[in-house]
Amino acid sequence: MSDDEEYVYDEVSGEWMPASELAARNAVTVVDAQGTPLADGDSVVLVKDLKVKGAGSTLKQGTVIKTIRLTDNPEEIDCRHPEIRGLVLRTEFVKKR
């Protein structure tokens, strides 16, 4: 550890710790249906057919969704599809490609 590192008080443990260590401890990992970690920019494949509310269409199993974005909710990902704008998928219905 360096002497100029910033320390933060952790209310859970009641101790002062480096800010980088606290951030790593509080980081949430987003995983797909098989438990594989997901990151921004990954491509995913649908594991089942999904009816899309408001679009009147169904996304078929095996559909590839490119360039996902993680959201604040670890159970949802934001993505684009040529036919559907503003698509949000639950991570339980996708697997990493």
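The preceding data block contains the structure.
Predicted model only: the values in this text are computed from it and were never measured.

### Some remarks on a nonpolar patch on the surface
Part 1 of the argument: Taken together, the side chains of Tyr7, Tyr9 and Trp16 define a hydrophobic patch exposed on the protein surface, amounting to about 370 Å² of accessible area.
Part 2 of the argument: Residue position: Tyr9 is located in strand β1 (residues 7-10).
Part 3 of the argument: When its relative accessible area of 39% is taken as the criterion, Tyr9 is described as partly exposed.

### Re the sheet that holds strand β6 (residues 64-65)
Part 1 of the argument: Strand order across the open sheet formed by three strands is β6-β3-β10, with antiparallel pairing between neighbours. Pairing within the sheet leaves two strands with one partner each, and these edge strands are β6 and β10 (94-96).
Part 2 of the argument: Where strand β3 (residues 44-46) lies against β6, two bridges are found, and the strand directions are antiparallel. Among the inter-strand pairings, Val44 is bridged to a residue of β6, identified as Ile65.

### So, the environment of Gly54
Part 1 of the argument: Within the secondary structure layout, Gly54 lies in the loop between β4 (50-52) and β5 (57-59).
Part 2 of the argument: When the C-alpha positions of Gly54 and Ile84 are compared, they lie 9.6 Å apart, and in sequence the two are 30 residues distant.

### Observations regarding the nonpolar core
Part 1 of the argument: Val44, Ile68, Ile77, Leu87 and Leu89 are the most contacted members of the largest nonpolar core, which totals 15 residues.
Part 2 of the argument: Among the secondary structure elements, those contributing two or more residues to this core are β3, β4, β8 (76-81) and β9 (84-90).
Part 3 of the argument: With three residues, β9 is the largest single contributor of residues to this core.
Part 4 of the argument: Apart from residues no more than four positions distant in its own chain, Leu89 is found in contact with Leu46, Leu50, Ile65, Glu75, Glu76, Ile77, Cys79 and Val94.

Reading the values: rules and limits
Residues numbered from 1 in each chain as written. Predicted model: local features only at pLDDT ≥ 70, side-chain atom pairs only at ≥ 80, totals over all residues. Heavy atoms only, no water. Patch = residues over 30% accessible without salt bridge, like charges linked within 9 Å, V, L, I, M, F, W, Y side chains within 5 Å. Areas by Shrake-Rupley, 256 points an atom, 1.4 Å probe, with all protein chains shown as cover. Salt bridge = Lys/Arg side-chain N within 4 Å of Asp/Glu carboxyl O. Helix = DSSP H or I, 4+ residues; strand = E, 2+ residues; numbered from the N terminus. Buried < 20%, exposed > 50% of the residue type's maximum accessible area, 1.4 Å probe, protein only. Pairing = 2+ DSSP bridges. Core = buried A, V, L, I, M, F, W, Y, C linked by side-chain atoms within 4.5 Å. Contact = heavy atoms within 4.5 Å.

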